[in-house]
Amino acid sequence: MRRVLTVGLATVLLLVAGATPAFAAHSWGGYHWARTANPFTLKLGDNVSGLWDSMLVTASSDWSRSTVLDTTVVAGGTSPRSCRPTSGRVEVCSARYGNTGWLGLAQIWITGGVHITQGVVKNNDYYFGGSTYQYNNTAEMQHVICQEVGHTFGLDHQSTSGASLGTCMDYYKNTSASDTQSTSPNQHDYDELAAIYAHLDGSTTIRAAPSGAAPIRTPGADANGTPIGASAARGSWYLQDLGGGSFLLTHVYWAPGAS
Ligand SMILES: [Zn+2]
Ligand SMILES: [Zn+2]
């Protein structure tokens, strides 16, 4: 991708985010799906294979315990490798994206300052399934897919210290399949979702493209650009200006210790 983040763009984003109502601690910049009623249902397109299939179902049912949103797993709308977005929903993909350094990533497209119009999750089979990667285990896989899906609702991490807070929205590293810490949301995530989605909007970005939205550019397989935000240890954020007041925000979940 050609575009390089400038300090100016980051400042614009921060100003926009700062102008939104005060959210609790781990909202992802105040970003949320616009909708006119709660609970709302978000479709998760299934473009995953192998072990990820049941993990996506588990993540979907875990997140659907939220009082404000439900998710349903539907037929995928893209190819796993390209993992192109579909307006108004989330596409969840798995493929061998290569030695990218990341286990998973989440991308959300923003219009109007805070409203999510579509989302993408990529789970990198390069590090899972036959890999010698030290955290190649099913618990870490569940941790990754749960976290990346959580980002597409507008949730940020609860902790980036590496400690387990009992939520998939932390940076704990699962050591084996039987180490199931941090593989599902905790109550604080559900409370956070309730806070993020406490207000209603006059229109919806779910399923339909918002009128007046800028043309969406398809991201590359990798998130290029200048990282914004902190916690380089396991995660980085990237911001891309799509023009017309639209932004693409990417969170990358790095593979620590991978070579
Ligand atoms: Zn809103
Ligand atoms: Zn993350």
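If you're wondering where the values come from, they're calculated on a predicted model, not measured in any experiment. (Residues numbered from 1 in each chain as written. Chains lettered and ligands numbered in written order. Predicted model: local features only at pLDDT ≥ 70, side-chain atom pairs only at ≥ 80, totals over all residues. Heavy atoms only, no water.)

Asks: Give me the lowdown on the environment of Ile-196, citing residues and values where you can.
Replies: Assignment of secondary structure puts Ile-196 in helix α4 (residues 187–196). Between the C-alpha atom of Ile-196 and that of His-32, which follows or precedes it by 164 residues, the distance is 7.0 Å. (Helix = DSSP H or I, 4+ residues; strand = E, 2+ residues; numbered from the N terminus.)

Asks: Would you mind going over the pattern of salt bridges in detail, with residue names and values included?
Replies: Overall, the coordinates contain 2 salt bridges when judged by the stated rule. Between Asp-201 and Arg-35 there is a salt bridge, with the nearest N and O atoms lying 3.3 Å from each other. Of this pair, Asp-201 sits in the loop between α4 and β7 (227–228) while Arg-35 is found in the loop between β1 (32–33) and β2 (40–47), placing the two residues 166 residues apart along the sequence. Look at Asp-201 and you get buried, because its relative accessible area is 15%. When the shortest N-O distance is used, the salt bridge between Arg-89 and Glu-91 registers 2.9 Å. Judged by its relative accessible area of 0%, Glu-91 falls in the buried class. (Salt bridge = Lys/Arg side-chain N within 4 Å of Asp/Glu carboxyl O. Buried < 20%, exposed > 50% of the residue type's maximum accessible area, 1.4 Å probe, protein only.)

Asks: For the coordination of the zinc ion (ligand 1), give the residues involved together with the corresponding values.
Replies: For the zinc ion (ligand 1), the full set of protein donor atoms is His-32 (NE2), His-115 (NE2), His-199 (NE2), Asp-201 (OD) and Asp-201 (OD), at a range of 2.0 to 2.5 Å. Between the donor residues of the zinc ion (ligand 1), the gaps in sequence give the motif H-x82-H-x83-H-x1-D. Highlighted residues: His-115 in strand β6 (residues 115–124) and Asp-201 in the loop between α4 and β7, separated in sequence by 86 residues. Comparing His-115 with Asp-201, the two get one shared label, buried. (Donors = N, O, S within 2.8 Å, 3.2 Å for Na, K, Ca; no water.)

Asks: Explain the pairing of strand β3 (residues 69–75) to me, using residue names and the numbers behind them.
Replies: Where β2 lies against β3, 7 bridges are found, and the strand directions are parallel. Paired with Thr-41 across the strands is Asp-70, a residue of β3. (Pairing = 2+ DSSP bridges.)

Asks: Would you mind going over the state of the cysteines in detail, with residue names and values included?
Replies: The tally for this structure, following the rule as stated, stands at 2 disulfides. Cys-83 shares a disulfide with Cys-93; S-S distance 2.0 Å. Between Cys-83 and Cys-93, the S-S torsion sits near 85 degrees, and that sign places the bridge as right-handed. One end of the pair, Cys-83, is in the loop between β3 and β4 (90–95); the other, Cys-93, is in strand β4, and 10 residues separate them in sequence. (Disulfide = S-S within 2.5 Å.)

Asks: Give a detailed account of the packing of helix α2 (residues 51–63) against helix α3 (residues 138–151), specifying residues and quantitative values.
Replies: Two elements in contact, α2 and α3, have axes whose closest approach is 9 Å; the angle formed by their N-to-C orientations is 50 degrees. Judged on the interaxial angle alone, α3 and α2 are oblique. Where α2 crosses over α3, the handedness of that crossing is right-handed. Between α2 and α3, the contacting residues are Leu-51, Trp-52, Met-55, Leu-56, Thr-58, Ala-59 and Trp-63 on the first element and Thr-138, Met-141, Gln-142, Ile-145, Cys-146, Val-149 and Gly-150 on the second. By residue class, the composition of the contact of α2 with α3 is 10 nonpolar, 4 polar and no charged. (Axes fitted to C-alpha atoms, helices over the stretch in contact; angles between N-to-C directions. Parallel < 35°, antiparallel > 145°, perpendicular 65-115°, else oblique. Left-handed = near helix turned anticlockwise from the far one by under 90°. Contact = heavy atoms within 4.5 Å. Nonpolar A, V, L, I, M, F, W, Y, C, P; charged D, E, K, R; others polar.)

Asks: Would you mind going over the nonpolar core in detail, with residue names and values included?
Replies: In globular proteins that are soluble, nonpolar side chains generally tend to be buried together. By size, the foremost hydrophobic cluster in this structure holds 45 residues, and its most contacted members are Trp-63, Val-92 and Tyr-197. Elements represented by at least two residues in this core include exactly β2, α2, β4, β5 (102–111), β6, α3, α4 and β9 (246–254). Contacts of Tyr-197, omitting those with residues within four sequence positions, involve His-32, Trp-33, Arg-35, Asn-38, Phe-40, Val-68, Leu-69 and Phe-153. Core analysis: the next-biggest nonpolar cluster, separate from the first, contains 12 residues, Ala-95, Trp-102, Val-120 and Val-252 among them. (Core = buried A, V, L, I, M, F, W, Y, C linked by side-chain atoms within 4.5 Å.)

Asks: Before we move on, can you summarise α2 with the specific residues and values?
Replies: Helical geometry note: an α-helix holds 3.6 residues per turn, so side chains three or four residues apart project in the same direction. Taking 1.5 Å of rise per residue, the 13 residues of α2 would be expected to cover 18 Å, and the 19 Å separating its terminal C-alpha atoms lies within 8% of that figure. For α2, the set of buried residues is Trp-52, Met-55, Leu-56, Ala-59, Ser-60, Asp-62 and Trp-63. The buried side chains of α2 occupy one side of the element, clustering within an arc of 160 degrees when seen end-on. Contacts made by the buried residues of α2 are with β2, β3, β4, β6, α3 and α4. (Expected span 1.5 Å × (residues − 1). Arc of directions from axis to C-beta.)

Asks: A description of α4 should follow, citing residues and the corresponding values.
Replies: Among all positions of α4, only Asp-189, Tyr-190, Glu-192, Leu-193 and Ile-196 are buried. Down the axis, α4 shows its buried residues gathered within 160 degrees of arc, on one side only. Contact partners of the buried residues in α4: β1, α2 and β3.

Asks: Give me the environment of His-157: which residues, what numbers.
Replies: When you line up the elements, His-157 lands in the loop between α3 and α4. Residues His-157 and Tyr-171 lie 14 residues apart in sequence; the distance between their C-alpha atoms is 7.9 Å. Within the structure, His-157 has its side chain in polar contact with the side chain of Gln-147 (distance 3.2 Å). At 3.4 Å, the side chain of His-157 forms a polar contact with the side chain of Tyr-171. (Polar contact = N/O pair within 3.5 Å; in protein donor to acceptor, adjacent residues only side chain to side chain.)

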